[in-house]
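Coordinates in review
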Amino acid sequence: MYEDPTIVDLVKDKSGAELFKELFRLLPSLSFEDYFKNGIWQNDLMRLDIEVIDAHRREAGAPDPPPMEEVKFPPLPGNFQAKAPSVKAQAPAPIPAETPVAPAAAPAAAPAPAASAPVKRPLEQSESDEPNKRDTSSAASAASAVSAASTKAPPALR
């Protein structure tokens with residue numbers, strides 16, 4: 001009468017490393033780097049992948065995934081208890097009141113650029129640069145070269 005809860009129902013309240021373990025149980029070839037970006041677990045992406053992989057598994061008739069107790073998980077970020085070195089918080093040393101504070105010096109002016117580089121001047125506009133005039137001498141010489149080549153070709157290629 002009651003339906004078994006789907007894997008989607010089982011993982012909806014999980015996040016982070018717990019959610020990755022559920023996904024890893026379905027597909028043990030995964031790497032946590034695909035789901036752990038910039039120190040943040042991509043929970044929505046993992047839930048979506050769990051849903052897709054589970055649907056493919058059921059449609060293909062694959063056996064149920066192994067129980068969590070039987071799966072050997074790789075070391076995951078945030079899962080290990082690394083001992084941090086003990087550091088006592090210390091208050092910063094007070095600044096003596098009699099120490100005068102001088103105003104900051106103005107920044108030095110930037111040196112002038114070296115005069116060794118030659119000065120570039122704009123080129124004068126020639127007649128061929130004018131937009132409405134065309135240089136017909138090169139077009140005419142190209143046309144004569146084509147006609148000369150066609151007269152030298154064998155009759156089969158003309």
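Residues numbered from 1 in each chain as written. Predicted model: local features only at pLDDT ≥ 70, side-chain atom pairs only at ≥ 80, totals over all residues. Heavy atoms only, no water.

Structural notes on unusual backbone geometry
Let me state the cut-off plainly: Put simply, DSSP H or I for four residues or longer makes a helix, DSSP E for two residues or longer makes a strand, and each gets a number counted from the N terminus. Per-residue accessibility, obtained with a 1.4 Å probe over protein chains only, is compared with the maximum for each type, and a residue is labelled buried under 20%, exposed over 50%, and partly exposed between these values.
Although it is not a glycine, Asn38 sits at a positive phi angle of roughly 50°. Examined against the element boundaries, Asn38 turns out to sit in the loop between β1 (36-37) and β2 (40-41). Accessibility expressed as a relative area gives 79% for Asn38, which makes it exposed.

Some thoughts on the layout of surface pockets
Selection rule: Site definitions follow a grid-based scheme: protein atoms alone, a 1 Å grid, a 1.4 Å probe that fits but cannot get out for cavities, and for pockets an open set with protein on both sides within 12 Å along at least five of seven lines, plus lining residues having an atom within 4 Å of a point. Grid points are joined across faces, edges and corners, and a volume is the space filled by probe spheres set on the points.
The volume enclosed by the largest pocket comes to roughly 180 Å³. Around the largest pocket, the lining residues are Pro5, Thr6, Ile7, Leu10, Arg25, Asp54, Arg57, Arg58, Asp64 and Pro65. With three residues, the single largest contributor to the lining of the largest pocket is helix α3 (residues 43-60).

Structural notes on α3
Since the α-helix packs 3.6 residues into each turn, any two residues three or four apart lie on the same face. Filter applied, for reference: Expected span of a helix: the number of residues minus one, times 1.5 Å. An arc is given here, and it is the one of the directions from the helix axis to the C-beta atoms. Contacts are assigned to residue pairs that have any heavy atoms within 4.5 Å of one another.
Under the 1.5 Å per step criterion, the end-to-end length of α3 is 26 Å for 18 residues, consistent within 8% with the ideal 26 Å. Every buried residue of α3 is accounted for by Met46, Asp49, Ile50, Asp54 and Arg57. Mapping the buried residues of α3 onto a view down its axis gives an arc of 130°, with all of them on the same face. Away from its buried face by more than 90 degrees, α3 exposes Asp44, His56 and Glu59. The inward-facing, buried residues of α3 abut α1 (7-11), α2 (16-26) and β2. The first or second residue beyond α3 is Gly61, which carries a positive phi of 80°.

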